[in-house]
Amino acid sequence: MKPSRGKTPKKTPRKPQNKDPVEVYCRLRPISEDLDICVTVVNSNTIQLKPPENSIAVKNGNYKETQHTFKFVFPELISQKALFDHVALPLVDDLIHGKNALLFMYGITSSGKTHTMQGTPGDGGILPRCLDVLFNSLGDLQARKYVFKPDRANGFDVQTEADAMMDRQKKELLAPPPTPKSTPKTPRRRPPQNDIATMVRVPDTNRIGSVDEDNNYSVFVSYIEIYNNYIYDLLEDTQSDGINQKPLQSKTLREDSNHNMYVANCTEIETKNTEEAYGIFMKGQRRRKVAHTQLNTESSRSHSVFNIRLVQAPLDPVGEEVLQDKDQVCVAQLSLVDLAGSERTGRTQNSGDRLREAGNINASLMTLRTCIEVLRENQMNNFNKIVPYRDSKVTHIFKNYFDGEGKVRMVVCVNPQSADYDETTHVMRFAEVTQEVQVARPTAVKFDIGLTPGRRRANLIYKKMLEDGAELEDLPMETPVIINLGPAFPCLEINDPNEDTTLQNLIAFLAERERRRHTLQEELTRKQGAFRAHLMEMEREMETLKQQNDELNMKLSSKDKNVQRFEKRIKTLEQENGMLQRTHTAYEYSKRELETELIEEKTKIKKQKHEQERLRQALKGVAGSEKMKWEKECEKRVRATQMEMQTKIWVKDEKLRQLKQIVCARQEREDKARKAKADLNRTRSPPPKMTQPPVKLRHRRSRSTSNAWIDHKPATTLDTETVLQPAGLKKKHTVAVPTVKDLKGTENYMLTHQEEDSKGELETKLYKAEVLQTRGGGRAVQFTDIERLKTERPASTSPKDRKRAAEEELDSGEWTDIETRCAVGYEGRPGNADPAAVHIVPSKKMKK
Ligand SMILES: Nc1ncnc2c1ncn2[C@@H]1O[C@H](COP(=O)(O)OP(=O)(O)OP(=O)(O)O)[C@@H](O)[C@H]1O
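Everything in this summary refers to the structure shown in the same document. (Residues numbered from 1 in each chain as written. Predicted model: local features only at pLDDT ≥ 70, side-chain atom pairs only at ≥ 80, totals over all residues. Heavy atoms only, no water.)

The next point concerns the overall build of the protein chain. A tally of regular secondary structure across the protein chain gives 19 helices and 29 strands. The burial tally for the protein chain puts 40% of its 848 residues in the buried class. Summarising the internal contacts of the protein chain: among those between residues at least 6 apart in sequence, 72% fall at separations of at least 24. Summing over all exposed atoms, the protein chain offers an accessible surface of approximately 49,600 Å²; the carbon and sulfur share of this is 54%. (Helix = DSSP H or I, 4+ residues; strand = E, 2+ residues; numbered from the N terminus. Buried < 20%, exposed > 50% of the residue type's maximum accessible area, 1.4 Å probe, protein only. Contact = heavy atoms within 4.5 Å. Areas by Shrake-Rupley, 256 points an atom, 1.4 Å probe, with all protein chains shown as cover.)

Structure, rendered in structure tokens:
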């Protein structure tokens, strides 16, 4: 009989087969002591459910306690190992013997399904233990990597060790350089505290003893999840856009040539030890969709399926390599399924995505229940109803386990708390129905193709002897293990004396053996000869190769030297580069500092300029206002002085007027006498002492310009009827009050002043002056001479008296007053009638 090929659940076991029921185990999870429980363990197979007061059952009047029986009941405190040994270890054994198996966790949310499947680092669940036991059992019976290659149609190709080595080298060359691990942040990732792959794992030390040593094995794993009724490959290498990994694309289900369902283009990774396989599982686990719900902090939102496929094929007759025959490749599969927990949305209070997920989870679990129920009905009543596997991906993918052959086991996880009672009763009902479904018993793989058992061991011994330096001649030529005489003896039991078929069969069998033995012996002899020749040829080749090897070694060492030289050079260049970079950085730094300083200086200058401008404006304002103030003050003072002068002049005019009256009266009396004595005595008045010119000489008007002069005669001046004119001046312009305008056209000036002396005589004084141009364009009057005319009564006046009187007057304050006045010059401004400035020539008195 040919071994099963592609033994993943087969749809068509055509001959009548033995069937086994689905085995259902029940596991209770431990809960807090202060919570009410509704489940009690009756015995190792039975649990009892008691409806709590607030359950729907009680509200509906159903107070009945119910008992449920399972293959085995694991109480709360059962260890992971005990559960594994009981439930999953036989499945690993089956896997090694080429039998398919399906193990799934079922239960409501937060009942301990994931815990049972995955466990904790120190106390692994079913999955890591399955891997441990599998690899412990296979040991060095594993084929080299890539000897078995997935053929992309759910089967496997086999290739020689040499080809496999080529593939390995290619993979190593193409492998990207190791990059720092950056796991994208996606909602699929579990919190790091649960990343148990990073923690210490305690492996299971169990191993299956009955592994066929004349086969080679390879383990392939794949990990998928069914989320919202879409299949995702959790091991798929997604491309990254630099920040995030691209989301996973959903996969489709296909049927292979043996009518087995498989996920198309699903990543299947060949692994050689538990750590590698477990690492792959954890990689997928991080991508699995989990979420926080009211009832479980890390609730699985999808069904997950971890597939372990064990590929095996017999060794060739010499026990060296895998037999190069695809037909002899056997594939068995163990599917470990962690179903998402059913949940009542009323209790979880989910909304949005969680609600949609819950809906899909419940719908797929409902389809599973329906399928199981229809199957059971079909089997019990011999119906042929269509099982709605296709209604959900989770049932579609496992269709072959129920329709084909394989062992199916289920662990029903139960949370014994009273709050879960109503949902737990549903689970119990489903579990009981499932136990009634029968699945075809799988058959163990058997490679009965006439190859001698033990050939691997013989080959190893042979190699060992060669390694130990045994001579070719000493080697046992008749290696008993590499040939055999065909299949085992047929059944020799004879129950009926007349039955001769058995003997005939035996005769035929022995004849066949005889013939085979003969052929084999001939073949052996021929092979020995060929082998010797081959060995000799190999020796020669080996010599040649040794020589070539020496040459290559020489070349290699010279290349090594070159490489070392280049490495040194690279090192030096790197150091130089480093130095340059440091210098560059330092320069960059100082450049930045200087730039900052420059900006600061610029800002300072700008500020200073601004400040200066502000001060200039302020000073301008202050100067303007000061100037105006002083102008006003000057104006005020000038006006005051004018007023004073005006008053004095008025007083004097008044006096003169009174004097005139007196003089007129006297004139009338002394008319005749005065006319006779009309001779005027002229006394030269003492010339004013010039001290310092009030204006700079360069401002003197040129004497050649004009000879015109101003005769300043106040209106009160009395006519003395004497001729008293300044010498040398011709053009005369008489004014009562001179203005700057009057002064402009002239160089000379004369002021006529009259007053009455103590004796009542009228004295007329002529103050002569020069008109000078001032710096500001005005005019200054500088007195240069005084002439005095005294009109006296002839009777009372002697020349002696007149001289004395004149001297007295010279010394009197009156004179001083006039002198002081003569030293004052008025400076006029163009367009301004009043003098703008006064120049004072210090008098004798002042000097003193
Ligand atoms: N046998 C057990 N011993 C100790 N803790 C357990 C056990 N079973 C479950 N738990 C704890 O109960 C919590 C819920 O368990 P778990 O996540 O396995 O539930 P679940 O059935 O997978 O839920 P869901 O369907 O929502 O994913 C976890 O914190 C887990 O550690």
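Here we come to the site of the ligand. In the region of the ligand, 15 residues are neighbours, and T109, K113, T114, S299 and S300 sit closest. The contact in question runs from an oxygen atom of the ligand to an N or O atom on the backbone of H115, over 2.8 Å. One of the backbone nitrogen or oxygen atoms of G341 is found 3.0 Å away from an oxygen atom of the ligand. Look at the ligand: alone it shows 620 Å² of surface, and the protein chains cover 78% of it. The biggest single contributor to the shell around the ligand is helix α4 (residues 113–118), with 3 residues. Grouping the amino acids of the shell around the ligand by side-chain chemistry returns 2 nonpolar, 10 polar and 3 charged. (Near = heavy atom within 4 Å. Polar contact = N/O pair within 3.5 Å; in protein donor to acceptor, adjacent residues only side chain to side chain. Nonpolar A, V, L, I, M, F, W, Y, C, P; charged D, E, K, R; others polar.)

A few words now on the pattern of salt bridges. Pairing between side chains of opposite charge can happen when their charged atoms approach one another. Throughout the structure, instances matching the rule amount to 40 salt bridges. Close ionic contact of D94 with K99 constitutes a salt bridge, the shortest N to O distance being 3.8 Å. Residue classification places D94 among the buried positions, given a relative accessible area of 7%. Residue E601 is joined to K604 by a salt bridge in which the shortest nitrogen-to-oxygen separation is 3.8 Å. In this pair, E601 and K604 are both assigned in helix α14 (residues 501–669), 3 residues apart and thus about one turn of the helix distant. Given the relative accessible area of 42%, E601 is considered partly exposed. Accessibility expressed as a relative area gives 48% for K604, which makes it partly exposed. Within this structure, K81, D85, D123, R129 and D204 form a network of salt bridges that share partners. (Salt bridge = Lys/Arg side-chain N within 4 Å of Asp/Glu carboxyl O.)

Tracing the backbone shows Q379 in helix α9 (residues 352–381). Residue classification places Q379 among the partly exposed positions, given a relative accessible area of 27%. A sequence separation of 60 residues divides Q379 from V439, and the C-alpha atoms of the two residues are 9.9 Å apart. Excluding anything up to four places from it in sequence, Q379 contacts K19, E436, V437 and Q438.

In this structure, F398 and F402 are the most contacted members of the largest nonpolar core, which totals 51 residues. The leading source of residues in this core is α9, at 7 residues. Sequence-distant contacts of F402, defined by excluding residues within four places in its chain, comprise V22, L102, I372, L375, Y389, V408, V437 and V439. Of all hydrophobic cores here, the second largest spans 48 residues; its members include V87, I96, V133 and A332. (Core = buried A, V, L, I, M, F, W, Y, C linked by side-chain atoms within 4.5 Å.)

We now examine the packing of helix α2 (residues 80–87) against helix α5 (residues 126–138). For any two helices packed against each other, the geometry comes down to the angle between their axes and how far apart the axes lie. Axis separation between α2 and α5 bottoms out at 10 Å; the angle between their running directions is 60 degrees. α2 and α5 meet at a crossing whose hand is right-handed. Contacts between α2 and α5 involve Q80, K81, L83 and F84 on the former and, on the latter, I126, R129, C130 and V133. (Axes fitted to C-alpha atoms, helices over the stretch in contact; angles between N-to-C directions. Left-handed = near helix turned anticlockwise from the far one by under 90°.)

Turning our attention to α2. An α-helix turns once every 3.6 residues. As a result, residues three or four positions apart point the same way. Residues of α2 that are buried: Q80, L83, F84 and V87. With its buried residues spanning 100 degrees around the axis, α2 presents them on a single face. (Arc of directions from axis to C-beta.)

In short, geometric facts, not functional conclusions.
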